[in-house]
Amino acid sequence: MLRYKYCVLINNLLHWWKHKLSPPIRWMVYLFAAMFSLSLMFAPEARTKDYAQTDFTYHSSAKLYFHNVRSYYYYRDEEEKAGFYRYELKKQRMIDSLLPFGLFLLDNWRSSEVYIWLNPDSTITHIKIDSTTFSTQTLNREKMHLMAASIYQALLNDQSIFAKTQEGPYVEILTDRKEQKALETILFDYFRWLDIH
């Protein structure tokens, strides 16, 4: 009985499709169905987000997006001799006394490169994220980038971050949500500027 009802329903739909619906509308439906099928077949594969890649160059569109949309949330200082603009998140400056380190974006506009600059508290010697330990004494732009990638992934995955001072053991840092949110915002903008998102 149920099978008979389905057959009648399908038969009625086919009759309506062929005889009641005007041909231009049918052709539009065919066209959209074909376009949708082709877009599914030839859709590009999703890129994996490799935050650890250390290519610092950016495209002008990424810089334009930052300057038009995101720069409002940052203070900008110009280092004329070095050819850098240094950006500091306004929220970070408000909670600066709570943070174990500051994060800054450095725009090297002469060579179209952007860097992350980590400015740790002077007492911190090591920062440990998951199983990776970074020494704050030997940080260069590549290590700062890798450290930023590790911090960002730890923040996104709710993992703990630890810091070690000269005298003491490792202590968990960035436990407050305000601190995490400020650093997450800076790192999001950094990786967006590098077109990694």
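Data block above holds the structure.
Residues numbered from 1 in each chain as written. Predicted model: local features only at pLDDT ≥ 70, side-chain atom pairs only at ≥ 80, totals over all residues. Heavy atoms only, no water.

Peer 1: Describe the overall build of the protein chain, with residues and values.
Peer 2: Within the protein chain one finds six helices and eight strands. Listing every helix and strand of the protein chain by position from the N terminus yields α-α-α-β-β-α-β-β-β-β-α-β-β-α. A globule of 197 residues ought to have a C-alpha radius of gyration of about 16 Å, yet the protein chain, at 27 Å, is considerably larger. Judged by the C-alpha coordinates and their principal axes, the protein chain covers about 85 × 45 × 30 Å. Within the protein chain, contacts between residues at least 6 apart in sequence are counted, and of these 57% link residues at least 24 apart. When the accessible surface of the protein chain is totalled, it reaches about 13100 Å², and 56% of it is carbon and sulfur. (Helix = DSSP H or I, 4+ residues; strand = E, 2+ residues; numbered from the N terminus. Rg over C-alpha atoms; globule rule 2.2 N^0.38 Å. Contact = heavy atoms within 4.5 Å. Areas by Shrake-Rupley, 256 points an atom, 1.4 Å probe, with all protein chains shown as cover.)

Peer 1: Talk me through the packing of aromatic side chains; I want residue IDs and the actual numbers.
Peer 2: Think of a pair of aromatic rings as described by two things: how far the centres are apart, and how the planes are tilted against each other in angle. Counted by the stated rule, this structure contains 16 aromatic pairs. Seen in terms of ring centroids, tyrosine 51 and tyrosine 152 are 5.4 Å apart; in terms of plane orientation they differ by 85°. Their pairing is edge-to-face. With tyrosine 51 in the loop between α2 (23–41) and α3 (60–70) and tyrosine 152 in helix α5 (residues 141–156), the pair connects residues that are 101 residues apart, well separated along the chain. On the basis of relative accessibility, which here comes to 6%, the residue tyrosine 51 falls in the buried class. One aromatic cluster is present, built from ring pairs that chain together Tyr58, Phe66, Tyr74, Tyr87 and Trp193. The lysine or arginine in question, arginine 93, covers the ring of tyrosine 75, its NZ or CZ lying 4.0 Å from the ring centre. We note arginine 192 situated over the ring of tyrosine 65; from NZ or CZ to the ring centre the distance is 4.1 Å. (Phe/Tyr/Trp six-rings, centres within 6.5 Å; stacked < 30°, edge-to-face > 60°. Buried < 20%, exposed > 50% of the residue type's maximum accessible area, 1.4 Å probe, protein only. Lys NZ or Arg CZ within 6 Å of the ring centre and 35° of its normal.)

Peer 1: Describe the environment of leucine 64, and please don't skip the residues or the numbers.
Peer 2: Here leucine 64 lies in helix α3. The exposed category is assigned to leucine 64, whose relative accessible area is 53%. Residues leucine 64 and glutamine 137 lie 73 residues apart in sequence; the distance between their C-alpha atoms is 34 Å.

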